[in-house]
Amino acid sequence: QVQLVESGGGLVQPGGSLRLSCAASGFTFSRYAMNWYRQAPGKERELVAFITGAGSSTTYASSVKGRFTIARDNVKNTLYLQMNSLKPEDTAVYYCNIRDLGYDYWGQGTRVTVSS
């Protein structure tokens, strides 16, 4: 059974940094591309970053490019999102995600609040 457990969120001041983690189990982690999504209050869930199974290729939303870095450890079965230069508009619940045969699996999310 697929399980995704996010952690690392919290309250941070503008300009600060956080590193999110997503512990994965129940599937062969290295075979799947992984995504980070976020959902801000009153807004739709949006794709933030993508990484291939081997970690050799990544893509980012334009709003986070140059500030966020997605990475994975295929030994620890863990996905990461390093977030630097955080802005108030980065405030959201962040989710890790995999898609298998057209079905989306989600974690419970971790809340990030950027505020002074």
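See the structure printed just above.
Quick notes on the rules
Residues numbered from 1 in each chain as written. Predicted model: local features only at pLDDT ≥ 70, side-chain atom pairs only at ≥ 80, totals over all residues. Heavy atoms only, no water. Phe/Tyr/Trp six-rings, centres within 6.5 Å; stacked < 30°, edge-to-face > 60°. Lys NZ or Arg CZ within 6 Å of the ring centre and 35° of its normal. Pairing = 2+ DSSP bridges. Helix = DSSP H or I, 4+ residues; strand = E, 2+ residues; numbered from the N terminus. Axes fitted to C-alpha atoms, helices over the stretch in contact; angles between N-to-C directions. Disulfide = S-S within 2.5 Å. Buried < 20%, exposed > 50% of the residue type's maximum accessible area, 1.4 Å probe, protein only. Core = buried A, V, L, I, M, F, W, Y, C linked by side-chain atoms within 4.5 Å. Contact = heavy atoms within 4.5 Å.

Enquirer: Kindly report on the packing of aromatic side chains, identifying the contributing residues and their values.
Expert: Here the structure, examined in full by the defined rule, presents five aromatic pairs. Plain terms: the ring middles of Phe27 and Phe29 are 6.2 Å apart, the flat faces sit at 50 degrees to each other, and that makes the pair tilted. An aromatic cluster is built from Phe27, Phe29 and Tyr32, whose rings are joined through pairwise contacts. Of note, Arg45 hangs over the ring of Trp106, and the distance from its end group to the ring centre comes to 4.4 Å.

Enquirer: Now, about the sheet that holds strand E3 (residues 18-25): what can you tell me, with residues and values included?
Expert: A sheet is described by the order of its strands in space; here four strands give the open sequence E1-E3-E8-E7, paired in antiparallel fashion. Each edge of the open sheet is held by one strand with a lone partner, namely strand E1 (3-7) and strand E7 (68-73). Within the sheet, the average angular offset between the axes of one strand and its neighbour, ignoring direction, is 15 degrees. Taken together, the six bridges between E7 and strand E8 (residues 78-83) define a ladder with antiparallel strand orientation. The residue bridging Ala71 from the neighbouring strand is Tyr80, located in E8.

Enquirer: I'd like to hear about the state of the cysteines, residue by residue, with values.
Expert: Enumeration over the complete set of coordinates arrives at one disulfide. Bridging Cys22 to Cys96, the disulfide has an S-S length of 2.0 Å. Between Cys22 and Cys96 the sulfur-sulfur dihedral comes to about 55 degrees; the bridge is accordingly right-handed. Of the two residues, Cys22 is situated in strand E3 and Cys96 in strand E9 (residues 92-100); the sequence distance between them amounts to 74 residues. A relative accessible area of 0% places Cys96 in the buried class.

Enquirer: How would you summarise the pairing of E9 if you had to cite specific residues and measurements?
Expert: When a strand is regular, its side chains alternate between the sheet's two faces. Of all nine residues that make up E9, seven are buried, and the element is covered over most of its length. As judged from the five bridges shared by strand E4 (residues 34-39) and E9, these two strands associate in the antiparallel manner. Among the inter-strand pairings, Asn35 is bridged to a residue of E9, identified as Asn97. In the sheet, E9 pairs with strand E11 (residues 110-114) via three bridges, with the strands oriented antiparallel.

Enquirer: Describe unusual backbone geometry, naming the residues involved and giving the relevant values.
Expert: For Asn77, which is not a glycine, the phi torsion comes out positive at approximately 55 degrees. The topology assignment puts Asn77 in the loop between E7 and E8.

Enquirer: So, the nonpolar core: which residues are in play, and what are the values?
Expert: Core analysis: the biggest nonpolar cluster contains 28 residues, and Trp36, Leu79, Leu81, Met83 and Tyr94 have the highest contact counts within it. For this core, the secondary-structure elements that each account for two or more residues are E3, E4, strand E5 (46-51), E7, E8, E9 and E11. Here Met83 is in contact with Gly16, Ser17, Leu18, Leu20, Arg67, Phe68, Tyr94 and Val112, once residues within four sequence places are set aside.

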